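Geometric and topological summary
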Amino acid sequence: MQLLHAPSWPHLSFQTSDRNSKGGLVSLEKCLQPSTANCSFQPQKLERSIWVSHKRNFFSFCVTKATSVEAGSSAASSGTAEGDVLKALSQIIDPDFGTDIVTCGFVKDLLIDEASGEVSFRLELTTPACPIKDMFEQQANEVVARVPWVKKVAVTMSAQPAKPIFAGDLPAGLQRISNIVAVSSCKGGVGKSTVAVNLAYTLAGMGARVGVFDADVYGPSLPTMVSPENRLLEMNPEKRTIIPTDYLGVKLVSFGFAGQGRAIMRGPMVSGVIDQLLTTSEWGELDYLVIDMPPGTGDIQLTLCQVVPLTAAVIVTTPQKLAFIDVAKGVRMFSKLKVPCVAVVENMSHFDADGKRYYPFGRGSGCPAVWDPSSFDLPIRPTLSASGDSGTPEVVADPQGEVAQTFQNLGVCVVQQCAKIRQQVSTAVTYDKSIKVIRVKVPDSEEEFLLHPATVRRNDRSAQSVDEWTGEQKLQYGDIPEDIEPEEIRPMGNYAVSITWPDGFSQIAPYDQLQMIERLVDVPQPTAVQS
């Protein structure tokens, strides 16, 4: 994939800056000032520390699901010192899944000195943005300290590094991003960018590593809403990648930071620019990448949904019925693309005056009723608008205000729902070696069914198995041995899995197709599994 340069994109001209010989970085736009990325800016760091300290005092539901159990239930039930500690910790229940933290696999690096009564361990969460991580730490200290022989407890908290669960050949820049959340309005002028930016800084304040991608090339809003010290994107000439700018610890990429302002170009060119800005940026390890989607449900939106494996979407609207009609269109678009809509934000909902609450745009659009409790109302507030124009997000400027509280609730919802989705997707299709069947439990479905591996392989509908022009079946029944077993099954977005077979073939199996395949009725007897 080419980087943005004059021959491919006439609107962009990148030239090497004087810093190339020193740091290997080049400026994206000759007409703008050189980068000052090496300069320190202590006031920003101090502001971030104060802002984050406010956020970390917020407790609510936490969804953190580890992928493995560090110590089994047998140890917890034994009479050993280790069993005493694990039994005590098993009293702490994850509030969303209703499972104790030992079974969830949160307990790591357990060290016990029974002679001195000292116990130390680490609680590893799957997201650093867990709103009740402090409560977990407090409860862990308390329950272990009540064990009779324990005299000293040391608990440390950590989180797993960003690890995407989706398969496929993702661009290098997206390979270390855990969750990609689209903020969409499907209608212009409803405050989508305000929600996207404030949500991003709320998640960052909760302890997550966050990036924001402004996907609106025609009218980018990000350069107005944030005030990074370096207002130009840079390029790494060796890797030919884009280096995001940064404000208060959040990575930022926008066409407006390329020194171009507002673009005048046709749709196909816009899609190419967006694809390039998003996929060739050095995002690094991120827990959440928030994409500020352009308004509408057209080609650009579809391109974004197809280029990146979106984890979830947040829809922004206003109280008018006309706006909610467009919301329904956006929900249908994401539904077809198998992207769950986890929340709706109703902006400009009301304002308070003289001790009363007024609804200037009316009520009853249907949005809160349909989405409750995953709907959030934002008031008409002059400071919210002013903060968007001043370059400081409202949740940073007033972290204890009403608006910040609403975004905190929205942030918890996003963390919780993304964790649920990831957990459901990661276990939707698995291979059970003991009975040699493929287990399928499609997300948002309580039904689990079994499929024979050979049947799944024979039902491949790709061009290698079916002639695209005639529909003739090229893969014959006898071509697949009855005892074939998959080597690996990996999620591919929210709609399919990638199955790797012993012959090297990688089969893309959508959930919809798996639900139509002939199912096993008689469950085979378990067999010994070779270790």
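Rules and cut-offs
Residues numbered from 1 in each chain as written. Predicted model: local features only at pLDDT ≥ 70, side-chain atom pairs only at ≥ 80, totals over all residues. Heavy atoms only, no water. Helix = DSSP H or I, 4+ residues; strand = E, 2+ residues; numbered from the N terminus. Contact = heavy atoms within 4.5 Å. Phe/Tyr/Trp six-rings, centres within 6.5 Å; stacked < 30°, edge-to-face > 60°. Buried < 20%, exposed > 50% of the residue type's maximum accessible area, 1.4 Å probe, protein only. Lys NZ or Arg CZ within 6 Å of the ring centre and 35° of its normal. Pairing = 2+ DSSP bridges. Axes fitted to C-alpha atoms, helices over the stretch in contact; angles between N-to-C directions. Expected span 1.5 Å × (residues − 1). pLDDT = per-residue confidence, 0-100.

With that settled, consider the side chain of Gln513. Among the secondary structure elements, Gln513 is positioned in helix α17 (residues 511-516). Ignoring any residue separated from it by four or fewer positions in sequence, one finds Gln513 in contact with Asn459, Asp460, Arg461 and Ile508.

Now for the packing of aromatic side chains. All told, the structure shown has 3 aromatic pairs when counted by the stated rule. Both rings, one in Phe351 and one in Tyr358, keep their centres 5.4 Å apart while their planes meet at 20 degrees; by these two values the pair is stacked. What makes Phe351 partly exposed here is its relative accessible area of 30%. On the basis of relative accessibility, which here comes to 33%, the residue Tyr358 falls in the partly exposed class. The positively charged end of Arg458 is found above the aromatic ring belonging to Tyr477, 3.8 Å away from the centroid.

Moving on to the sheet that holds strand β9 (residues 245-247). Read across the open sheet, the 8 strands follow the order β9-β10-β6-β11-β5-β12-β13-β16; overall the sheet is mixed. Only two strands of the sheet have a single partner each, and these edge strands are β9 and β16 (375-377). When strand polarity is set aside, the average angle formed by the axes of neighbouring strands in this sheet is 25 degrees. The pairing of strand β6 (residues 210-214) with strand β11 (residues 286-292) spans 5 bridges and is parallel.

As a further point, take the sheet that holds strand β3 (residues 118-125). Spatially, the 3 strands line up as an open sheet ordered β2-β3-β4, and their pairing is mixed. Both outer strands of the open sheet, β2 (107-113) and β4 (152-159), are each paired with one neighbouring strand and no more. Looking at each pair of strands side by side, their axes are set apart by 10 degrees on average, direction ignored. Pairing analysis gives 8 bridges linking β3 to β4, with the strands arranged parallel. Directly across from Arg122, in β4, lies its bridge partner Thr156. Here helix α4 (residues 81-89) sits on the sheet and contacts β2 and β3; the angle it forms with β2, its principal contact strand, is near 135 degrees. Across the sheet, helix α6 (residues 133-145) lies against β3 and β4, angled at about 155 degrees from β4, the strand it touches most.

Here we take up helix α7 (residues 192-205). Given a rise of 1.5 Å per residue, 14 residues ought to cover 20 Å, and the 20 Å separating the end C-alpha atoms of α7 matches this to within 8%. Taken across its 14 residues, α7 has 14 buried, putting it largely inside the fold.

Averaged over all residues, the pLDDT of the chain equals 77, while 76% of them reach at least 70. Counting interchain partners and residues more than four positions distant, the pLDDT-below-50 stretch residues 1-50 has 96 contacts. Low pLDDT, under 50, characterises residues 52-78; the stretch is placed with 82 contacts to residues that sit more than four places away or in other chains.

The subject of this paragraph is the pairing of β3. A large share of β3 lies buried, amounting to 6 of its 8 residues. Of the pairings in the sheet, the one linking β2 to β3 comprises 5 bridges and is antiparallel in character. Paired with Lys108 across the strands is Arg122, a residue of β3. Remark: 4 residues form the turn of the hairpin made by β2 and β3, two consecutive strands paired antiparallel; Gly117 in that turn has positive phi of roughly 75 degrees.

What follows concerns unusual backbone geometry. Positioned with a positive phi, Asp109 is a non-glycine residue whose angle comes to about 50 degrees. Counting through the fold element by element, Asp109 comes out in strand β2. Located in the positive-phi region is Asp354, a residue other than glycine, with phi close to 55 degrees. Within the secondary structure, Asp354 is located in the loop between β14 (351-353) and β15 (356-358). Since its relative accessible area comes to 75%, Asp354 is described here as exposed.

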